[in-house]
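So the chains spell out like this:
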Amino acid sequence: MARPRKKRNKEIFALGNEAVVEGALLAGCTFYGGYPITPSSEIMEIMAQRLPLIPNGSFVQMEDEIAGLGSVIGASLAGRKAMTATSGPGFSLMQEHLGYGCITETPLVIVNVMRGGPSTGLPTSPAQGDVQQARWGTHGDHSIIVLSASNVQECLDNTIEAFNLAEKYRTPVILLIDEITAHTREKIVIPNPDEFEVFNRIVPTMPPEWYKPYEETVRGVPPMPSIGSGYRFHVTGLTHDTNGFPTSRPDEVRELNERLFRKIDQFLHDVQMVDEVDTEDADVVVIAYGTVARSAELAVKQARDLGVKAGLLKLSTLFPYPRKATEKVMAKAHTLIVPEMNMGQMSREVKRVNNGQVSVRTINKVDGQIITPAEILKVLTRV
Amino acid sequence: MVDMKGTQLIHEYLRHNKKFPHVFCAGCGHGIVLGSLIRSIHGLGLSKDEVCVVAGIGCSGRLAAYVDFNTVHTTHGRALTFATGIKMAKPGMHVIVVMGDGDSMAIGGNHLIHAARRNIGVTALILNNNIYGMTGGQCSPTTPSGSFSMTTPMGQMEQSFDCVELCSAAKANYVARGTVFHVKKLDKMIMDGISNPGFGVVEILTPCHTQYGRKNKYKTPVDMYKTLKKDVIDIDRYNKLSEADKAKKVPSGVFVQKDEPGLEEKFYEMAANCQGGL
Ligand SMILES: Cc1ncc(C[n+]2csc(CCOP(=O)(O)OP(=O)(O)O)c2C)c(N)n1
Ligand code: SF4
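Note that the structure is predicted; figures quoted are calculated from it, not measured.

Participant: Help me understand the overall build of chain B in this model?
Facilitator: Counting secondary structure elements, chain B contains eleven helices and eight strands. On C-alpha atoms alone, chain B measures out to a radius of gyration of 19 Å, which is about the 19 Å that the 2.2 N^0.38 rule sets for 278 residues. With the C-alpha coordinates of chain B rotated into their principal frame, the extents come out at 65 × 45 × 35 Å. Within the span of chain B, comprising 278 residues, buried residues form 55% of the whole. Split by element, the accessible area of chain B, about 11900 Å² in all, is 58% carbon and sulfur. Each charge sign in chain B was given a centre, from 31 positive and 24 negative side chains, and these centres are 6 Å apart.

Dropping the structure here:
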């Protein structure tokens, strides 16, 4: 379930990209480093205005996205909550550093406002083509947390969530939104600071000489001091032992890699956020995320009016894939429908979990246009 | 004669829990740079917690693991980008970046010129051995025309970068060139680089006998040090030479020395003004 939304006060009329900035600042972000690219640029532009106004806030426009994410990792190691935002081509450039963030367990947030691709593709048209890139774009085996947002309020809420999960699990978190949500202007409610949870990374309390930077803990997440705080340790992208020094000893290599998976995968219940609409008695359930989930919600309502027992499972978390929630709706439904603005990147995951148990229908569109409620309704009424 | 005092100083800064021995070949200049770096930091009276050593990938990049500072071994070519984030986040920190010639001028060339243009207050030590050491001796952007490497078996046809000219043109605050043969001067350059408020670059000529020397008719590592002694001369002496003689020598010394504030200083001053104006 999505986190309950608490009482709200200030209301503003904002773009999705503006809401991302509001969310980031509420979550305690004080560093932004990046390189502009449509349709994410507003996030960077507003950060450039806002960060100098807050204590310790800093901002730097780097020479490319590789540098952008490098600076974010540096700032995070130095104790800041740090983020960058980009779009497809820039996200591709960030992949090596994304892997570095995973293995060094550096909390950070990357917002990818997806546009049509491949390559420079369709700069101002929506798409959902970077889903599997977010999951597997960097080299090597690794776990990762990927969130999405389907409206402007969720851009704010899920950015806060992205920072919280990054800090809690010492890991990069990716927020995927699409061009429509990023550039839609809607009324949103800005929560009071005391109305939502802000999670900060656990810092070590033991004397520095006892501290082992990559030691196993109950949660699998070692405490993390900041550079310059008296805990001097080595950070490396090479596979390392619990002291942080490079190793190729099979037992140490295995221990690190397995912990990196375990620390996220054992807390699936905490990480997996979904919303359900009319799923209790649904025979046919649409599984959707991003802007497409809004089309799906309307289509489900219209289908109900026509007597079809339809429901919607809206994914806020894309990875680790919300298996439990999917299994739950599958127990009743005979059909799952997965509409996406790509050729089937998320339906792969649905099919993997489904494993042939019920029928899975996909609706795929890659013409730079949104999938409309009518297109989903058509399939809903036919199955 | 063993300099007991010098030896002890190094030990004070080495990581005893690190799995020694180190990775450097016998005769490699990288260890001399490490010694020089430690003497410079010690000479400036900096505490270990005030210093962050950020390194790229290559033999040079391994240097960071051995010393008891805050150390970050980053990705190939990108060390300066991490350093920029660290410096912006902790302006009080002395951020020192260690890179190879391939690291800093091939894959990381763009970051180098932009760090210089941005004048971020970090110090870059560029360990120039004219070759890719760690990957087995392929040519680098500083491999001299005509010399041999694994990927220029018939001799390098491309021109090579002059690190000092590159960084000077890109507007770094402090640009110097030293060698691992002239260690006293090198110590001073690194100290001045660290003390400089903006972007400081010290290009350090350091031999890689294993990869460069063996391909280019240097019989022993000692021959390579002798060449440094013979060919690298002070900038003042160099300037007095005829053009023909200049071609045979490499100038060393301090080429640029400005005291412009670093980017982080300017940023926080601007931010303080903005916040005061609220
Ligand atoms: C993205 C990427 N490309 C290539 C490499 C392989 N690689 C590792 S070190 C190196 C070159 C090192 O040469 P240099 O920077 O001159 O340092 P040295 O080893 O000579 O000290 C290369 C190409 C890598 N690690 N990452
Ligand atoms: S390969 Fe060259 S640069 Fe690397 S350690 Fe050996 S001598 Fe030094």
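Participant: Help me understand the overall build of chain A in this model?
Facilitator: Broken down by element type, chain A carries 14 helices and 16 strands. Here the C-alpha atoms of chain A give a radius of gyration of 21 Å, agreeing with the 21 Å that 2.2 N^0.38 yields for 383 residues. Counting only C-alpha atoms, chain A reaches 70 × 45 × 40 Å along its principal axes. In chain A, buried positions account for 63% of the 383 residues. Total accessible area on chain A stands at roughly 14100 Å², and carbon and sulfur atoms take up 52% of it. With 40 positive and 45 negative side-chain charges, chain A shows a separation of 3 Å between the mean positions of the two kinds.

Participant: Looking at this structure, I do not really get the sheet that holds strand S6 (residues 200–205) of chain B. What am I missing?
Facilitator: In a beta sheet, neighbouring strands are held together by backbone hydrogen bonds and run either parallel or antiparallel to one another. The mixed open sheet is built from nine strands, whose spatial order is S10(A)-S2(B)-S1(B)-S3(B)-S4(B)-S6(B)-S5(B)-S8(B)-S7(B). Because the sheet does not close on itself, it has two edges, and the strands there are strand S10 (234–236) of chain A together with strand S7 (232–234) of chain B. Ignoring strand direction, the axes of neighbouring strands in this sheet form an average angle of 20°. As paired elements, strand S1 (residues 51–55) of chain B and strand S2 (residues 70–73) of chain B share four bridges and run parallel to each other. Directly across from Ala55 of chain B, in S2 of chain B, lies its bridge partner His73 of chain B. Here helix H3 (residues 79–89) of chain B sits on the sheet and contacts S1, S2, strand S3 (94–100) and strand S4 (123–128) of chain B; the angle it forms with S3 of chain B, its principal contact strand, is near 175°.

Participant: What is the right way to look at the site of ligand 2 in this model?
Facilitator: Around ligand 2, the neighbouring residues are Phe24, Cys25, Cys28, His30, Cys59, Asn129, Cys208, Thr210 and Gln211 of chain B. Residues of the shell around ligand 2, tallied by class, amount to five nonpolar, four polar and no charged.

Participant: Even after reading the chapter, I still don't get the pattern of salt bridges, so can you show me in this structure?
Facilitator: Pairs can form between side chains of opposite charge whenever their charged atoms are close. This model, assessed by the stated rule, comprises 33 salt bridges over all chains. In this structure, Glu252 of chain A engages Arg249 of chain A in a salt bridge whose closest nitrogen and oxygen atoms are separated by 3.4 Å. Its salt-bridge partner being Asp231 of chain B, residue Lys230 of chain B comes within 3.3 Å of it at the nearest N-O pair. Overall, Lys230 of chain B belongs to the exposed group, its relative accessible area being 55%. Among the charged side chains, a salt-bridge network with shared partners connects Arg232 of chain A together with Lys48, Asp49 and Asp68 of chain B.

Participant: How should the pairing of S3 of chain B be read in this particular structure?
Facilitator: For a regular strand, side chains alternate in direction, first toward one face of the sheet and then toward the other. All names here are of chain B. With six of seven residues buried, S3 is to be regarded as a mostly interior element. Across five bridges, the pairing between S1 and S3 is parallel. Looking across to S3, one finds that Ala55 is bridged to Val98. Two strands pair when backbone bridges link them, and S3 and S4 are joined in this way by five bridges, in the parallel orientation. Each bridged residue has a counterpart across the sheet, and for Met99 the counterpart in S4 is Ile126.

Participant: What should I look at first to understand the site of ligand 1 in this one?
Facilitator: In the neighbourhood of ligand 1, 18 residues make up the surrounding shell, with Cys59, Asp101, Asp103, Asn129 and Gly133 of chain B lying closest. Around ligand 1, the neighbouring residues derive from chains A and B rather than from a single chain. Between ligand 1 and His30 of chain B there is a distance of 3.0 Å, counted from an oxygen atom to a side-chain nitrogen or oxygen. For ligand 1, the accessible surface in isolation is 580 Å², of which the surrounding protein chains cover 77%.

Participant: I'm lost on the side chain of Ser150 of chain A in this one. Help?
Facilitator: Residues and elements named next belong to chain A. Examined against the element boundaries, Ser150 turns out to sit in the loop between strand S7 (145–148) and helix H7 (152–169). Reaching out from Ser150, the side chain makes a polar contact with the side chain of Lys314 at a distance of 3.3 Å. When sequence neighbours within four positions are dropped, the list of residues in contact with Ser150 reads Thr181, Gly290, Thr291, Ala293, Arg294 and Lys314.

Participant: What am I meant to see in the packing of helix H1 (residues 16–27) of chain A against H7 of chain A here?
Facilitator: All names here are of chain A. Put simply, H1 and H7 touch, their axes get as near as 7 Å, and they point 35° apart. Along this stretch, H1 crosses H7, giving a crossing that reads as right-handed. In this structure, H1 uses Gly16, Ala19, Val20, Glu22, Gly23, Ala24, Leu26 and Ala27 to contact H7, whose residues at the interface are Val152, Cys155, Leu156, Thr159, Ile160 and Phe163. For the contact of H1 with H7, a count of residues per class yields ten nonpolar, three polar and one charged.

Participant: Looking at this structure, I do not really get the interface of chain A and chain B. What am I missing?
Facilitator: As a measure of interface size, the accessible area lost when the parts come together is often cited. Taken residue by residue, the interface counts 45 residues in chain A and 41 residues in chain B. Where chain A abuts chain B, roughly 3400 Å² becomes buried across the two surfaces, and 59% of that area is made up of carbon and sulfur atoms. At the boundary of chain A with chain B, the tally comes to three salt bridges. Taken together, the links from chain A to chain B amount to 22 residue pairs in polar contact (both at pLDDT 80 or more).

Participant: How should I be thinking about the state of the cysteines in this particular structure?
Facilitator: A covalent bond between the sulfur atoms of two cysteines is referred to as a disulfide. Counted by the stated rule, this structure contains zero disulfides over all chains. We note that Cys139 of chain B lacks a disulfide partner, and the nearest cysteine sulfur, in Cys208 of chain B, lies 14 Å from it.

Participant: Got a minute to help me understand helix H2 (residues 30–43) of chain B in this structure?
Facilitator: Relative to the 20 Å expected for 14 residues at 1.5 Å per residue, H2 of chain B spans 20 Å between its end C-alpha atoms, a close match to the ideal helical length. Positive phi shows up at Gly45 of chain B, right after H2 of chain B, with a value of about 70°.

Participant: Looking at this model, I keep getting lost on the nonpolar core. Mind explaining?
Facilitator: Inside soluble globular proteins, nonpolar side chains tend to come together where they are buried. Core analysis: the largest hydrophobic core is formed by 132 residues, its most contacted members being Met47, Met83 and Val111 of chain A together with Val54 and Phe199 of chain B. Broken down by element, this core gets its largest block of residues, nine residues, from H7 of chain A. When sequence neighbours within four positions are dropped, the list of residues in contact with Val111 of chain A reads Val20, Ile43, Met83, Thr84, Ala85, Thr86, Leu175 and Ile177 of chain A.

Participant: Could you clarify how one ought to interpret the packing of aromatic side chains in this entry?
Facilitator: For any pair of aromatic rings, the description consists of the separation of the ring centres together with the inter-plane angle of the planes. Residues and elements named next belong to chain A. According to the stated counting rule, one finds nine aromatic pairs over all chains in the structure shown. Summarising the aromatic geometry, the rings of Tyr211 and Tyr231 are spaced 5.3 Å apart at their centres and angled 80° between planes, so their arrangement reads as edge-to-face. With Tyr211 in the loop between strand S9 (185–191) and S10 and Tyr231 in the loop between S9 and S10, this residue pair connects regions lying 20 residues apart in the sequence. Assigned by exposure class, Tyr211 and Tyr231 land together as buried.

Participant: How should I be thinking about H3 of chain B in this particular structure?
Facilitator: Each α-helix winds once per 3.6 residues, and so residues spaced three or four apart point in a common direction. With respect to burial, H3 of chain B is a largely interior element, eleven of its eleven residues being buried. Residues of H3 of chain B that are buried include every one of Ala79, Leu80, Thr81, Phe82, Ala83, Thr84, Gly85, Ile86, Lys87, Met88 and Ala89 of chain B, and no others.

Participant: What is the right way to read the sheet that holds strand S11 (residues 274–277) of chain A from this model?
Facilitator: All names here are of chain A. Sheet architecture is open: five strands sit in the order S11-S13-S12-S15-S16, paired in mixed fashion. The open sheet has two free edges, formed respectively by S11 and strand S16 (359–364), since each of these has just one partner strand. Direction aside, the axes of adjacent strands within the sheet are offset by 20° on average. Strand direction decides the pairing type here: strand S12 (residues 284–288) and strand S13 (residues 310–315), joined by five bridges, are parallel. Of the residues in S13, the one forming a bridge with Ala288 is Lys314. Strands in contact with helix H11 (residues 291–305) are S11, S12, S13 and strand S15 (335–340); relative to S13, the strand with the most contacts, it is inclined by about 165°.

Rules and cut-offs
Residues numbered from 1 in each chain as written. Chains lettered and ligands numbered in written order. Predicted model: local features only at pLDDT ≥ 70, side-chain atom pairs only at ≥ 80, totals over all residues. Heavy atoms only, no water. Helix = DSSP H or I, 4+ residues; strand = E, 2+ residues; numbered from the N terminus. Rg over C-alpha atoms; globule rule 2.2 N^0.38 Å. Buried < 20%, exposed > 50% of the residue type's maximum accessible area, 1.4 Å probe, protein only. Areas by Shrake-Rupley, 256 points an atom, 1.4 Å probe, with all protein chains shown as cover. Lys, Arg positive; Asp, Glu negative; His and termini not counted. Charge placed at Lys NZ, Arg CZ, Asp CG, Glu CD. Pairing = 2+ DSSP bridges. Axes fitted to C-alpha atoms, helices over the stretch in contact; angles between N-to-C directions. Contact = heavy atoms within 4.5 Å. Near = heavy atom within 4 Å. Nonpolar A, V, L, I, M, F, W, Y, C, P; charged D, E, K, R; others polar. Salt bridge = Lys/Arg side-chain N within 4 Å of Asp/Glu carboxyl O. Polar contact = N/O pair within 3.5 Å; in protein donor to acceptor, adjacent residues only side chain to side chain. Left-handed = near helix turned anticlockwise from the far one by under 90°. Buried area = accessible area lost by both parts, 1.4 Å probe. Disulfide = S-S within 2.5 Å. Expected span 1.5 Å × (residues − 1). Core = buried A, V, L, I, M, F, W, Y, C linked by side-chain atoms within 4.5 Å. Phe/Tyr/Trp six-rings, centres within 6.5 Å; stacked < 30°, edge-to-face > 60°.

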